[in-house]
Amino acid sequence: MGFARTCSVALVGVEGVVVEVQADLEPGVAAFTLVGLPDKSLTESRDRVRAAVVNSGGEWPQKKLTVGLSPASVPKAGSGFDLAVACAVLGAAERIDPRVLADIVMIGELGLDGRVRPVRGILPAVLAAAGAGYEQVVVPECAAAEASLVPGVSVLGIRSLRQLIAVLTDEPVPEEQPDDQGRPDPLAGLRMPGTGAATGMYGVGAAQHEQDHDLADVVGQTSARTAVEVAAAGGHHLFLEGPPGAGKTMLAERLPAVLPRLTREESLEVTAVHSVAGLLPPGKPLVDVAPYCSPHHSATMQSLVGGGPGIPRPGAVSLAHRGVLFLDEAPEFHSQTLDALRQPLESGHVVIARSAGVVRFPARFLMVLAANPCPCGRFSQRDSRCDCPPSAIRRYQARLSGPLLDRVDLRVEVDPVTRAQLTEPGARGESTATVADRVRAARERAAARLAGTPWRTNGEVPGRELRSRFHAVAGAMDEAERNLERGVLTVRGIDRVLRVAWTVADLVGHDRPDATDVCLALQLRTGVPRGVPMAIGALT
C-alpha cells in the first residue's frame, strides 16, 4: 500500500483554507475515486491529472486509487487542485519521495499535455498558506509574480508537471519552451466575460488614465468640484444631481485620480479581491491605484453586491474596495438593488449567506450617485423648461430611498454650463495634481489624528466617537443643531455634517472645525446657501 500527502488551498470568498490532498494506493481493480466535497470542475480533474501524468513521461498506477481532500466538510471548487492531486498520486506510487511533498502547497491547473496553467485567487491562496505556517509554494510560472507579493514564502514558478517532478526528485530540469508570442494571454481565460471594460477598471494604464482625465477639463461647477475634493479627502459618499451634459460623469471619472495611492496593505486587499474575480491585468500583479467601478443601471443585485450560483463571487461593491463605485442614472437602478447597498455603506463589508456557507467580501468604497432631476432631465428651480408633470417628478425622485440618501454625506446640484463659462478665456479650474496634493495633505492630518484607532479617514469615524472624542470649536455646531431641531437633519445627518466639517478643516489646515467649516459642510449636505465660499482654495 502506498500513501502520500501534499497541500493546496480552497478559497471561500477572499479567504483561503489550507486543504490536505491525500492519495492512497491499494491492490485491486484500477479505479480513481475523488472524495471531499469536490465540485464539477474538480471532479473532472481525474481525467486531466491522468492525461497530464502520462504525457509528462510518468506511469499511471494500475491500482485502486483514492484521493481525499481534507477537511472534507469544506466545499472545494475549481481546477487549482490539479497540481497537488498529481503530485500526491506520484508520491503514493513512489515516483516522488512522499516526505518531500508533505510541507509544500501546490496551486495550479494541469493541461492534458502536462502544462501548468494559472487559476483565480493565487494571492489570497498564498496568503492563507503563509498564515498557516507553510513556507514553500508551487504556482504556475505566469502567476509567480503575484504569489511573490506575500513576504516570508518561497515561491517556485513552473511551466509543466515534468519540470516539477524533476525539481522534487533532484533530476535535471527539462527546458520548456514558453508559449509563442502573439498567442492569447494565459490569464485571459480567467476573466469573467465582459467584466474588464464594463467595470471601468483602470489597473492597466493608470498613469495614462490620470493624464486623460484632468479636473481642469471640467468647466465651472465650483460646488461640485469642491464636493469631489472633500469626498476624496475624507472618504465621503457623494450625490450629484443635474441635467444631462452638465458634467456629472466627468467629475466621477476624475475622482480616482484625486485619491492617494494605495498603501501596501490596501494594495494587497484590493489585489486579493481582483485575483478572485479574475480581473488582474497581465504584467501587473499588484493593484496600487484606487479602482473605479461603474456598473450599468441594468445590473442585478448579485452583480452589484456579489453572489451567483455555487460559491459566491465578488460584486461591484467589492471590486471598488478602496476605490470609487459610480452609479450613473441611479434612479434607473432597481430599488431593491440600491437598498442592498445600505449594509456595506455602514459596515465596509458584504456578507453573503448561502446553503453552502457564509462568505464575507470587503467593500470599503466611496460611492458616487448621479441622477437627473426628472425623467426628461430639464427640471430646475430656476426655469420651467421641464415638460414632466409634478407626479412624474415625484415618482422619479422617490426611486432613491430616504435611508439610502441619508447615508450620503455630500449632495450637490450640478448646474448647466453657460455659454459664458464655456467660452471665457482662462476658465479652466485647478488641475488634478493641485487638488490631489491638498487631498494628500488632508489625509495625512486625519491619519495623524486617528493614529491608534481602527479608522483611516473621517468618513469611517462613528458618530458616538465624533461626539465624545473629536469636538469642534465651541459654538461651531450651533447652526447644525438648529437644523436638527427644525427636522432638516436627522441624528445621523448631524454626525455626517461633523465628519465633513473635520475633512474641510483638514483641507484648509485648521486644528478643529470652526463655524465656517461647519457651514460649508451644511451647504454640501443640504444644498442651502450659507454665505461661505464654495472653493476650498478661498478658505485657505
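Computed from a predicted structure; not experimentally measured. (Residues numbered from 1 in each chain as written. Predicted model: local features only at pLDDT ≥ 70, side-chain atom pairs only at ≥ 80, totals over all residues. Heavy atoms only, no water.)

Asks: Mind showing me how you'd approach the overall build of the protein chain here?
Replies: When its secondary structure is counted, the protein chain shows 25 helices and 16 strands. Counting only C-alpha atoms and orienting by the principal axes, one finds that the protein chain spans roughly 85 × 50 × 45 Å. Taken over 540 residues, the protein chain has a buried fraction of 51%. Within the protein chain, residue pairs in contact and separated by at least 24 positions form 71% of the contacts whose partners lie at least 6 positions apart. Accessible surface for the protein chain amounts to roughly 23,500 Å². Of this, 51% is attributable to carbon and sulfur atoms. Computed over 56 positive and 61 negative side-chain charges, the inter-centroid distance for the protein chain is 5 Å. (Helix = DSSP H or I, 4+ residues; strand = E, 2+ residues; numbered from the N terminus. Buried < 20%, exposed > 50% of the residue type's maximum accessible area, 1.4 Å probe, protein only. Contact = heavy atoms within 4.5 Å. Areas by Shrake-Rupley, 256 points an atom, 1.4 Å probe, with all protein chains shown as cover. Lys, Arg positive; Asp, Glu negative; His and termini not counted. Charge placed at Lys NZ, Arg CZ, Asp CG, Glu CD.)

Asks: Got a minute to help me understand the packing of aromatic side chains in this structure?
Replies: Two descriptors summarise a pair of aromatic rings, namely the distance from one centre to the other and the angle between the planes of the rings. Counted according to the given criterion, the structure contains three aromatic pairs. A centroid spacing of 5.6 Å and a plane angle of 40° characterise the contact between Phe32 and Trp60, whose relative ring orientation is tilted. Here the residue Phe32 occupies a position in strand S3 (residues 31-35), and Trp60 occupies one in the loop between helix H2 (45-55) and strand S4 (64-70), the gap between them amounting to 28 residues. With a centroid separation of 6.5 Å and 25° between ring planes, the pair formed by Tyr292 and Phe326 is classed as stacked. Of this pair, Tyr292 sits in strand S11 (residues 292-293) while Phe326 sits in strand S12 (residues 324-327), and the two are 34 residues apart along the sequence. Judged by its relative accessible area of 3%, Tyr292 is buried. (Phe/Tyr/Trp six-rings, centres within 6.5 Å; stacked < 30°, edge-to-face > 60°.)

Asks: How do you make sense of the nonpolar core when you look at a structure like this?
Replies: Soluble, globular proteins show a tendency: their nonpolar side chains are buried together. The biggest cluster of nonpolar side chains holds 57 residues, and the ones touching the most others in it are Val230, Leu238, Leu240, Val368, Val518 and Leu524. Here this core takes nine residues from helix H23 (residues 491-508), the largest share from any one element. Among all residues touching Leu240, those that are not within four sequence positions of it are Ala224, Lys248, Leu251, Val368, Leu369, Ala370, Ala371, Val412 and Val414. Judged by nonpolar contacts, the second largest core, of 38 residues, contains Met106, Leu110, Val116 and Val138. (Core = buried A, V, L, I, M, F, W, Y, C linked by side-chain atoms within 4.5 Å.)

Asks: Even after reading the chapter, I still don't get the sheet that holds S12, so can you show me in this structure?
Replies: Where strands meet in a sheet, backbone hydrogen bonds hold them as pairs that are either parallel or antiparallel. Judged by pairing direction, the sheet is parallel, and its five strands sit side by side in the order S11-S12-S15-S10-S16 without closing on themselves. Sheet topology places S11 and strand S16 (410-413) at the edges, where each strand pairs with a single neighbour. Relative to strand S15 (residues 366-371), strand S10 (residues 238-241) runs parallel, the two sharing four bridges. Within S15, the residue paired with Phe239 across the bridge is Leu369. (Pairing = 2+ DSSP bridges.)

Asks: Looking at this structure, how should I read the layout of surface pockets?
Replies: One way to see where empty space is left: roll a probe the size of a water molecule over the atoms. Approximately 1,100 Å³ is the volume attributed to the second largest pocket. Considering each element in turn, the lining of the second largest pocket owes the most residues, four residues, to helix H24 (residues 515-526). When its residues are assigned to classes, the lining of the second largest pocket shows 21 nonpolar, 16 polar and 10 charged. (1 Å grid on protein atoms, 1.4 Å probe; cavity = no way out; pocket = protein on both sides within 12 Å on 5 of 7 lines; lining within 4 Å. Points joined across faces, edges and corners; volume = space filled by probe spheres on them. Nonpolar A, V, L, I, M, F, W, Y, C, P; charged D, E, K, R; others polar.)

Asks: Whenever I open this one, a nonpolar patch on the surface confuses me. Can you help?
Replies: Taken together, Leu156, Val167 and Val173 make up a surface patch of nonpolar side chains, about 200 Å² in accessible area. Inspection of the secondary structure puts Val167 in helix H7 (residues 161-168). The class of Val167 is partly exposed, set by a relative accessible area of 34%. (Patch = residues over 30% accessible without salt bridge, like charges linked within 9 Å, V, L, I, M, F, W, Y side chains within 5 Å. Salt bridge = Lys/Arg side-chain N within 4 Å of Asp/Glu carboxyl O.)

Asks: Quick question: what am I supposed to make of the pairing of S15 here?
Replies: Working note: regular strand, side chains alternate between the two faces of the sheet. Extensive coverage of S15 is indicated by the burial of six of its six residues. Going residue by residue along S15, you find Leu366, Val368 and Ala370 tucked away on one face and Met367, Leu369 and Ala371 tucked away on the opposite face as well. Bridging between S12 and S15 involves four bridges; their strand directions are parallel. Within S15, the position partnered with Val324 by the bridge is Leu366.

Asks: Looking at this model, I keep getting lost on H23. Mind explaining?
Replies: Note that an α-helix has 3.6 residues per turn; residues three or four places apart therefore point the same way. With 18 residues, H23 extends 26 Å between its outermost C-alpha atoms, agreeing within 8% with the 26 Å of an ideal straight helix rising 1.5 Å per residue. With respect to burial, H23 is a largely interior element, 16 of its 18 residues being buried. Two residues or fewer past H23, Gly509 is found with a positive phi of approximately 90°. (Expected span 1.5 Å × (residues − 1).)

Asks: Sorry, what's going on with the side chain of Ser56 here?
Replies: With respect to the helices and strands, the residue Ser56 is situated in the loop between H2 and S4. Given a relative accessible area of 11%, Ser56 falls into the buried group. Within the structure, the side chain of Ser56 is placed 2.7 Å from the backbone oxygen of Ala52, a separation counted as a polar contact. Leave out the neighbours within four places in its chain, and Ser56 touches Asp113, Gly114, Leu161 and Arg162. (Polar contact = N/O pair within 3.5 Å; in protein donor to acceptor, adjacent residues only side chain to side chain.)

Asks: What am I meant to see in the pattern of salt bridges here?
Replies: Think of it this way: side chains of opposite charge can pair up when their charged atoms draw near. The final tally for this structure, using the stated rule, is 32 salt bridges. Where Arg5 meets Glu20, a salt bridge forms, and the shortest distance between an N and an O atom there is 3.2 Å. Taken together, the residues Arg5 in strand S1 (residues 2-12) and Glu20 in strand S2 (residues 15-26) connect sequence positions 15 residues apart. According to the relative accessible area criterion, Glu20 is partly exposed, its value standing at 24%. Arg50 is the partner of Asp47 in a salt bridge, and the nearest nitrogen-oxygen pair spans 3.3 Å. Of this pair, Asp47 and Arg50 both sit in helix H2, three residues apart, which is roughly one turn of that helix. The exposure class assigned to Arg50 is partly exposed, which follows from its relative accessible area of 31%. Within the structure, one salt-bridge network assembled from shared partners comprises Glu346, Asp406, Arg407, Asp409, Arg492, Arg496 and Arg525.

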